[in-house]
Amino acid sequence: MSQWVIKGLASGIKSSRYPDVMEAAPGTAPGLPYATRMASHLAEALTARCPTAALEQAAGGVDVNLRRCIHCFRCVRGTDAPISWDAGYETAASAESNDPSRRFGASFSSSAHILVVDAGDCGACLSEVRQLNNPYYNMHRFGFFFTPTPRHADLLLVVGTLTEHMRVPLRKAYEAMPTPKRVVAVGSCALSGGVFGRNFMCAGGIAEFLPVDVEVPGNPPPPLAILHGLLVAVGRKSSVSLQRRVEPVAMRRE
Amino acid sequence: MEPLLLVILGLCAIGMVLPFVFQEHRARLIVGWLGAGAALALLCFSGACLFGGSRFEVGLWTIPPFGELRLSADKLSALFLFVSGIVLLPSSVFASGTLADYLGRYSIRVFSAWYFGLFATLVLIPLSGDGLSFLMLWELMSILVYLLVSYEHEVAEYVRSAYLMLALGEAGTLFIALAFIILAGRGALDFGAIRASSAGLSVNLRWVVFLLALLGFGVKAGLVPVNVWLPQAYTSAPLPFVPVLAGATLNLGLYGIVRVDADLLAPVMAGPGLVAIVLGSVTALLGILYATTQSDLKTLLAHSSIENAGIITAVLGAAFVFVALGHPAVAAIAFAAAFYHLVNHSVYKTLLFFAVGAVDSRVGTRNIDRLGGVIKVMPLTAAFFLVGALSISALPPFNGFVSEWLALQTMLQSAILTTTGIRITFAICGAILALTAALAVTCFVKAFAMSFLGMPRSDRAAGGRRASRSATLPMAFLAALCLLLGVMPTYVIPVLDGAIEPLTHGAQAAQALVPPFFENSPAHHELPAAFVADFHTLGAQVGQSFLPGRGLVVMHRGGESNPVVFAMSTSYLAVTLGVMLLAAYAIFRLTIARRRAVARRQVWDGGIRRLLPEMTYTGTGFSNPVRVVFEAVFRPTMVEDTRETVGKHFRAAIRRTRGENHVLDRLVLEPIGDAAISIANAFARMHHGFLNAYVFYGLGALILGLLIARFS
Amino acid sequence: MSAELERLAEYAKARWASRVRSSLGEGEEQLCRLDCDASELRAVCDWLFSERHYSFGGLVAEQRPSWKLQYLFYGAAGEGWVYVVSEPTAEQMPSISPMVHAADWHEREVEDLFGLSFEGHPRLGDFVLHNDVWGEGLAPMRKDFEGVSRDEGLQPDPNWKPRRIVEEEGAFAMPVGPIFSSATAPVHFQLETVGEDVIRALPRLFYTYRGLEKMAEGRRAEDVVLLAERISGTSAFAHSLGFCQAVERVCGVMIPERASALRVFLAELERLRHHAAAIHGICESTGLAVAAAQAAILEEDLLRTSGSLTGHRYLFGMNTVGGLAIDLGESECRRAATEAARVAAGLAGLQSMLSVSSSFLDRLEDVGGVSTNDARDFGLVGPIARASGLSRDLRVAQPYCDYDRVRFRIPEESEGDGYARLRILFREAEQSAGIISAVAERIPEGRFRVPEVALRAGAALGWVEAPGGAALHWVRLGSGGVVERYRIVTPSFANWHGFRLAAENFAFQDFPIILATFALSVHENDR
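Just so it is clear, the structure is predicted and the values come from calculations on it, not from any experiment. Within every chain, residues take consecutive numbers counted from 1 along the sequence as written. Key to labels: chains lettered from A, ligands numbered from 1, both in the order written. It should be noted that, the model being predicted, local features are given only for residues of pLDDT at least 70 and side-chain atom pairs only at 80 or more, the latter also being counted only at that level, while totals for whole chains, interfaces and linings use all residues. To obtain the side-chain values, all non-hydrogen atoms of the structure were included, while hydrogens and water were left out.

1. Focus on the overall build of chain A
Reasoning step 1: If you tally the helices and strands in chain A, you get 6 helices and 12 strands.
Reasoning step 2: Projecting the C-alpha coordinates of chain A onto the three principal axes gives extents of approximately 70 × 45 × 35 Å.
Reasoning step 3: Sorting the 254 residues of chain A into buried and exposed places 58% on the buried side.
Reasoning step 4: Throughout, a contact is declared for two residues whenever any of their heavy atoms are within 4.5 Å. When contacts within chain A are restricted to residue pairs at least 6 apart in sequence, long-range pairs at least 24 apart make up 78% of them.
Reasoning step 5: The charge count treats Lys and Arg as positive and Asp and Glu as negative. His and the chain ends do not count. To locate a charge, take NZ of a lysine, CZ of an arginine, CG of an aspartate or CD of a glutamate. For chain A, the centre of its 26 positive side-chain charges and the centre of its 21 negative side-chain charges are spaced 4 Å apart. Strands here mean DSSP runs of E at least two residues long; helices mean DSSP runs of H or I at least four residues long; both are numbered from the N terminus. Burial here depends on accessible area, computed with a 1.4 Å probe over protein chains only, as a share of the maximum for the residue type. Under 20% is buried, over 50% is exposed, and the range in between is partly exposed.

2. Section: the overall build of chain B
Reasoning step 1: When helices and strands are tallied, chain B shows 28 helices and 6 strands.
Reasoning step 2: Only C-alpha atoms enter the radius of gyration; for comparison, a globular chain is expected to reach 2.2 Å times N to the power 0.38, where N is the number of residues. In terms of C-alpha radius of gyration, chain B reaches 27 Å, essentially the compact-globule figure of 27 Å for 712 residues.
Reasoning step 3: Along the first, second and third principal axes, the C-alpha atoms of chain B reach 100 × 85 × 60 Å.
Reasoning step 4: For chain B, the residues scored as buried account for 56% of the 712 residues in total.

3. Examining the packing of helix H8 (residues 203-221) of chain B against helix H10 (residues 242-264) of chain B
Residue and element names in this part refer to chain B.
Reasoning step 1: Where H8 contacts H10, the axes come no closer than 7 Å and their chain directions differ by 170°. By the angle between their directions, the pair H8 and H10 is classed as roughly antiparallel. Of H10, the residues touching H8 (which contributes Val-209, Phe-210, Ala-213, Leu-214, Phe-217, Lys-220 and Ala-221) are Thr-249, Leu-250, Gly-253, Leu-254, Gly-256, Ile-257, Val-260 and Asp-261.
Reasoning step 2: The class makeup of the residues in the contact of H8 with H10 is 10 nonpolar, 3 polar and 2 charged. Helix axes are fitted to C-alpha atoms over the stretch in contact, other axes to C-alpha atoms as well, and angles between N-to-C directions run from 0 to 180 degrees. Under this scheme an angle from 65 to 115 degrees is roughly perpendicular, one under 35 degrees roughly parallel, and one over 145 degrees roughly antiparallel; angles in between are oblique. Asp, Glu, Lys and Arg are counted as charged, while Ala, Val, Leu, Ile, Met, Phe, Trp, Tyr, Cys and Pro are counted as nonpolar; the rest, among them Gly, fall into the polar class.

4. Description of the interface of chain C and chain A
Reasoning step 1: The partner chain A presents 57 residues to the 70 residues of chain C that form the contact.
Reasoning step 2: Between chain C and chain A, a total of about 5,300 Å² is buried, with carbon and sulfur atoms accounting for 63% of that surface.
Reasoning step 3: Whenever Lys or Arg places a side-chain nitrogen within 4 Å of a carboxyl oxygen from Asp or Glu, that contact is recorded as a salt bridge. Where chain C touches chain A, the interface holds 3 salt bridges.
Reasoning step 4: When the shortest N-O distance is used, the salt bridge between Arg-74 of chain A and Asp-223 of chain C registers 2.9 Å. Note on terms: buried area is the combined drop in 1.4 Å-probe accessible area of two parts once they are placed together, counting the loss on both.

5. Overview of the pairing of strand S4 (residues 564-568) of chain B
Residues and elements named next belong to chain B.
Reasoning step 1: Strand pairing follows a simple DSSP-based rule, namely that at least 2 bridges must link the two strands. Across 4 bridges, the pairing between strand S3 (residues 554-557) and S4 is antiparallel. The partner of His-556 across the bridge, within S4, is Phe-566.
Reasoning step 2: Two successive antiparallel strands, S3 and S4, enclose a turn made up of 6 residues.

6. Thoughts on the interface of chain B and chain C
Reasoning step 1: Listed as interface residues are 37 residues of chain B and, on the opposing side, 42 residues of chain C.
Reasoning step 2: Of the roughly 3,200 Å² buried between chain B and chain C, counting both surfaces, carbon and sulfur atoms make up 51%.
Reasoning step 3: Three residues, His-649, Phe-650 and Arg-651 of chain B, lead the burial of chain B against chain C; their summed loss comes to 23% of the area buried on that side.
Reasoning step 4: Between chain B and chain C we count 8 salt bridges in total.
Reasoning step 5: Throughout this description, a polar contact denotes any pair of N or O atoms lying within 3.5 Å of each other; where both atoms belong to protein, one of them has to be capable of donating a hydrogen while the other can accept it, and for residues adjacent in sequence the pair is counted only when both atoms sit in side chains. Taken together, the links from chain B to chain C amount to 16 residue pairs in polar contact (both at pLDDT 80 or more).
Reasoning step 6: Breaking the side of chain B that touches chain C down by element, the ones donating at least two residues are helix H24 (619-622), helix H25 (624-629), strand S5 (637-644) and strand S6 (651-659) of chain B.
Reasoning step 7: Ranked by residues supplied to the side of chain B that touches chain C, first place goes to S6 of chain B with 7 residues.

7. A short note on the pattern of salt bridges
Residue and element names in this part refer to chain C.
Reasoning step 1: Under the definition given, this model contains 63 salt bridges over all chains.
Reasoning step 2: The closest approach of N and O atoms between Glu-268 and Arg-271, which form a salt bridge, is 3.3 Å. Placement of the pair is Glu-268 and Arg-271 together in helix H8 (residues 257-285), with a separation of 3 residues, close to one helical turn. Take Glu-268 and Arg-271: they sit in the same class, and that class is buried.
Reasoning step 3: What you see here is one network of salt bridges that share partners, running through Glu-268, Arg-271, Arg-386, Asp-393, Arg-395, Glu-428 and Glu-465.

8. Some thoughts on the nonpolar core
Reasoning step 1: For this analysis, a nonpolar core means a set of buried residues of the types Ala, Val, Leu, Ile, Met, Phe, Trp, Tyr and Cys, connected via side-chain atoms within 4.5 Å. Membership of the largest hydrophobic core comes to 219 residues, with the highest contact counts inside it found for Phe-119, Phe-241, Phe-335, Phe-339 and Phe-426 of chain B.
Reasoning step 2: Looking at this core, the element that brings in the most residues is helix H13 (residues 328-363) of chain B, giving 24 residues.
Reasoning step 3: Not counting chain neighbours up to four residues away, the residues in contact with Phe-241 of chain B comprise Phe-111, Leu-118, Val-145, Leu-148 and Val-149 of chain B.
Reasoning step 4: Of all hydrophobic cores here, the second largest spans 149 residues; its members include Val-232 of chain A together with Leu-8, Phe-189 and Trp-496 of chain C.

9. Let's talk about the packing of H8 of chain C against helix H18 (residues 511-518) of chain C
Helix-helix packing is described using two parameters, namely the angle between the two axes and the distance between the axes.
Residues and elements named next belong to chain C.
Reasoning step 1: Contact geometry for H8 and H18: axes closest at 8 Å, N-to-C directions at 170°. In terms of orientation, H8 and H18 fall into the roughly antiparallel class. Together, Gly-281, Ile-282 and Ser-285 of H8 and Pro-512, Ile-513, Ala-516 and Thr-517 of H18 make up the contact between the two elements.
Reasoning step 2: Residues belonging to the contact of H8 with H18 are distributed by class as follows: 4 nonpolar, 3 polar and no charged.

10. Brief notes about the sheet that holds strand S1 (residues 20-24) of chain C
Residue and element names in this part refer to chain C.
Reasoning step 1: With respect to topology, 5 strands assemble into an open sheet ordered S1-S2-S5-S4-S3, the strand pairing being mixed. Each of the sheet's edge strands pairs with one partner strand only, and the pair in question is S1 and strand S3 (54-63). Averaged over all neighbouring strand pairs, the angle between strand axes comes to 20°, with direction disregarded.
Reasoning step 2: Here 5 bridges tie S1 to strand S2 (residues 31-36), and the two strands are oriented antiparallel to one another. Bridging from a neighbouring strand, Ser-22 pairs with Leu-34 of S2.
Reasoning step 3: Sitting on the sheet, helix H2 (residues 41-51) touches S1, S2, S3, strand S4 (67-75) and strand S5 (81-86), and the angle it makes with S5 is about 165°.
Reasoning step 4: Sitting on the sheet, helix H3 (residues 104-114) touches S3 and S4, and the angle it makes with S3 is about 10°.

11. Structural notes on the packing of aromatic side chains
Reasoning step 1: A pair of aromatic rings is counted whenever rings of Phe, Tyr or Trp (Trp by its six-membered ring) have centres within 6.5 Å, and the orientation is called stacked for planes under 30 degrees apart, edge-to-face for over 60 and tilted otherwise. In total, this model carries 58 aromatic pairs over all chains according to the counting rule given.
Reasoning step 2: Centroid distance Phe-180 of chain B to Phe-191 of chain B: 6.1 Å. Interplanar angle 15°. Geometry classified as stacked. With Phe-180 of chain B in helix H6 (residues 156-184) and Phe-191 of chain B in helix H7 (residues 191-198), the pair connects residues that are 11 residues apart, well separated along the chain. Each member of the pair, Phe-180 of chain B as well as Phe-191 of chain B, is classed as buried.
Reasoning step 3: Look at Phe-56 of chain C and Phe-73 of chain C: their rings are 5.3 Å apart centre to centre, the planes differ by 75°, and that puts the pair in the edge-to-face class. Separated by 17 residues along the polypeptide, Phe-56 of chain C in strand S3 and Phe-73 of chain C in strand S4 bring together distant segments of the chain. Considered together, Phe-56 of chain C and Phe-73 of chain C belong to a single accessibility category, that of buried residues.
Reasoning step 4: Members of the aromatic cluster, each reached through a chain of ring pairs, are Phe-200 of chain A together with Trp-105, Phe-127, Trp-134, Phe-145, Phe-206, Tyr-209 and Phe-493 of chain C.
Reasoning step 5: Remark: a charge is flagged as sitting over a ring if the NZ atom of Lys or the CZ atom of Arg is within 6 Å of the ring centre and within 35 degrees of the ring normal. It is Arg-171 of chain A that lies over the ring of Phe-209 of chain A; its NZ or CZ is 4.5 Å from the centre.

12. Details of the sheet that holds strand S8 (residues 144-146) of chain A
Residues and elements named next belong to chain A.
Reasoning step 1: Pairing in this open sheet of 6 strands is mixed, and the strands run S6-S11-S10-S9-S7-S8 from one edge to the other. Two strands close off the open sheet at either side, each with one partner strand: strand S6 (93-94) and S8.
Reasoning step 2: For strand S9 (residues 155-159) and strand S10 (residues 182-186), the ladder comprises 5 bridges, and the chain directions are parallel. When the sheet's bridge partners are listed, Leu-156 is paired in S10 with Val-183.
Reasoning step 3: Seen against the sheet, helix H6 (residues 223-233) touches S6, strand S7 (112-118), S8, S9, S10 and strand S11 (214-216) and runs at an angle of roughly 170° to S11.

13. A word on the environment of Ala-153 of chain A
Residue and element names in this part refer to chain A.
Reasoning step 1: Structurally, Ala-153 can be placed in the loop between S8 and S9.
Reasoning step 2: A residue is classified by how much of its surface remains accessible, and Ala-153, at 0% relative accessible area, is buried.
Reasoning step 3: For the pair Ala-153 and Pro-169, spaced 16 residues apart in sequence, the C-alpha separation works out to 15 Å.

14. Let's talk about the environment of Ala-190 of chain A
Residues and elements named next belong to chain A.
Reasoning step 1: Mapped onto the elements of the fold, Ala-190 is located in helix H5 (residues 188-192).
Reasoning step 2: Among the residues examined, Ala-190 registers a relative accessible area of 1% and is labelled buried.
Reasoning step 3: Setting aside residues up to four positions removed in sequence, Ala-190 forms contacts with Val-158, Val-159, Gly-160, Thr-161, Ala-185, Gly-205, Ile-206 and Ala-207.

Don't take any of this as a statement about function, it's just geometry.
Next up, the structure:
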């Protein structure tokens, strides 16, 4: 058995130093589109390329609704006027509420138990959530733990567009959690239904079903983005906007 | 003294006859009132002898060849009579209530007749003072118990179980009779004469008498290997009678063992005692193993009775060894443990049978796998069953803890013995007793939790009604006794002393176990002052101002190097426990419960739509690990049958039937039965039908008889 | 056209005369089509499955508007495809499940989603659409289904309870899930037991059923590629490859050699990462924390390699009809290949350490075994089938892309227990790394995609050996390149069917480990 101890020690420390140091290793995040200034005829063609209507034409360019982006890269590849792309991963947005059962005190900032419920995912978001436990991201260093039972959970992390079959289990899991509790919706499917949209099985996101506190966009969001979302949920990081707007041009003084 | 006895017997006689004058449904009231009255009189009678010290001695008729039939009550008899009284008082009330279920099906008057007949024999057997009356009363008791167990005579299986009990009982009576005959030798049969003549018996005859008495009385006491009748008989016995069967008649077997093997035949060799220890331990282990895997609550309690009888016998065996090897003080501790356990067992086993009877009567089923959630429909019964279960699992502050603790401490006292073989036997059997204690907890967690908690597994369990007062009042009485006996051990032990002293040639259990820490106790000066001062700092004198007696600490003192061998005080423990629980509750209510309301939500079931009772653990599932670990004992057989609907891989049903053959049936009953049948078959060959040969047999027997008469 | 298929057609004609009409595929296509009457369906399928030992691939139901059912069979040794086509009478078909048990779940799904009845099947109803949510009678895959309003359409059965099979004194059915562990996909198990051993394990799936096949109808082919990627995000490249190949076959498109080679490269990269994740799952289930961490490091390394090579960690957005969406440079591919080789070496080291950890092996050896016959009867595919002695691999039996030019071995084990499945995962990972290196050495020059693909109407099958096993994508395109019918048969669908063979008659403690050794994807099954 000692071989395992030696092997473990010899592997060294692989944990990312995020959030103290921004993680820059290649391949850690696909990034997300950024609002882009461009001529209106180009903007029209570009917004038509998006299969989930994540791009909106705005005055002077293209606005981006990050909730809907599914990483199909059609706005970047195969077009003469690609959209700007942001390589970052700090993209989670939180909605503050006055409900005391949805506010965390300071004691949660270094300890939170998370119940993960897959409400109709494709598997990629769930896989990224599971990567949070690997030595590179090691969410235990923040005091975050996965728990299999809602009775011990503070955070409900939901992935997937809500399917009919998962309504009752998700509702029961939410009701079984003691207060205070917050809901983190991860992935474009949970935020807006993603490429699936609404049909007889899919509800197009969980926003109408549960009160969502933190939204993490992406398809799937990389583990660092989910980690940012969790840190936002416990109040250690500030939230970001999911609607990226084109900056107005400063008026030139004659 | 005599008048009280006449009152008891008179009430019994009235109880046997009076019901025939009245109608059926009044008969059960007679059972209740007369039975309770007779039991109260019995308590007074035996109490006077046990606490007060009055003696009772009367000679009845004289039968010329055998001697005088005597009735005498010494403190040992008084103790057993008192225990019988404690059991019979609530049992009569309980019986009158549950007899209502038998209205119209069986004759309650007949039940009453047998019941009071048995009552009388239960009173007279401990009182009998000579061998002949003892045997006659024993036989009468066996027959009456048979009649009561087969009360529901329309069910063939019940009658068969009663018959097995009777057959084994007869074999037991035969052994007892032989034992008395050998003990008496050529002298008279009364106990005084036997005590005198038994001192001169040879070693071999002592062994023979001991084993005959152990096995003979062991039939009624429930010892391996002669207890094969017990589980079936307890299951077959009618509800009103089972508590008496378990609480009173089992004790008679133990009374017989103590009377013959400790009193009439004072132990001088360690060997017989060791046999008793080993037999008791094996009995206890087998009893609790089978109890843990039972689904029928009554059968579970029957096997548990076997376990407790085994524990008592094992500790009695230890007492015999200590007496034989000349350690009277430790022998007194052992006897105290055995008698205490006997008293406790009668109390909590009867309580448990009351609870099971109430459940059976109101809900309609005793099968653990069909019960569940009964606490919601029968909360009082559940609470009392819980008290009984906690007591039998030996948890403080209830009575089972004291006697189980004393029993295990007794086994540890083998340290003072010198022979290695004896010490190893004590060690192994002590370990077995500890194992049975642990298994008992498992068994009763299963019995309580699976029957009373959780979701109801059948419609019957969901629809039960609350128990009637004729069931709850007796249960309350016995539950209170459980608590009292557990919290006040230092008052019980001196009472047991009366029975212990004659057996240990004067050593007193109170002397050995209850140091007089209270300053106003007469024996206070016996303790060295420094010792007392040490314990006063620990609080051993708390309560001396308003409580009588020697103290509240049960302690065995040793020599210089080991001043305290073992000590405990359930009295102080109970008080401390109570205070702590109250304090915790108060703190909770004042701090946490004030700030937030308690929300009640559904149990978390993984998110499925409905949690059904069939998705919850059954008793069989809970006890399955025990069945698997002890597979060598159980040797279950499994018949599996998979029905397919269509094709090879669609399964319609998987039917599995688990068959179990009791280890004693396998090892004892069946070989004996097979041997008897083969011998009979061998002799059957003599019945060939030729008349000439039969005449020849007669001639041969005549010649043989003449030869024997010639040469003896 | 293989001689075997011609013999097959001859035999069918001889035996069933006019009731079975055979036709062979054109040109390079290895295909034999048997149109048979419903009355002979059972005999034909039984003959193909039991006597000729063809594997059952899947069942495609189409409403055009008349019903047509196609039973897809293929030869494991490269014989080719056999489609048995039949039409139901009055929406009823004879069930072939009693003889070809691999068709069990396919028939149940068609009954549940289309409303066709299979006579002789004893277990219809409550499969994909849960009866406690929907009730019976809903057939959403029919063309006339318009969606259902939440207020009036749902008629759930309030008294629905799962079927019990075990009859024993004291047996109970322990429910596990759908939410049951830290971060797992939802699946409900009903474990019937008497306390120690699981006597019967029944998984209830389709909690994440999203209705992808229905969603695809009416969408353009290039949009359905997005859906195909998201059947199972961890096998995204494989499934999008299957769909693209089906469309390319319909339109008669030959993709350039460079695209072929790069497709092989990326498919094997995905397979390597999928197997690393499966090994991580097995080590985690047995509680061997250091081994699980080592495997997790390797998995993350591969995810980052995929991310830096293609821009997406799960290779989303790489496949398109006609080739790849972007080109990959040779040096980048070689860097990725070096990284893959390093990971493979790490996995080999991990395997050598695990093979001497007796406490780990105790949990896997002789636990959760599936016999070869059962595996064949249930139609298991992929690494699980290979561990039970069925070495079937579509890369060898029906080579696609560049696989006929790549040298690799298909590992096979015969014990069928958990340890055999683990060994197969390691060896397949090693083979994948070898393929990646070999392909990276010589990527052909040329275009990485066909610039303009003219979509035309037609139907074809696209197949691919996904990391979990054989995946079949049947696509019918209408005019304008719109998908009319998209049938997805995933390897997890076949393997979940056979999961109970391994889980039954073992103790509760072994259950999570057996589940981990199967490495099944719930999302891939549910679609």
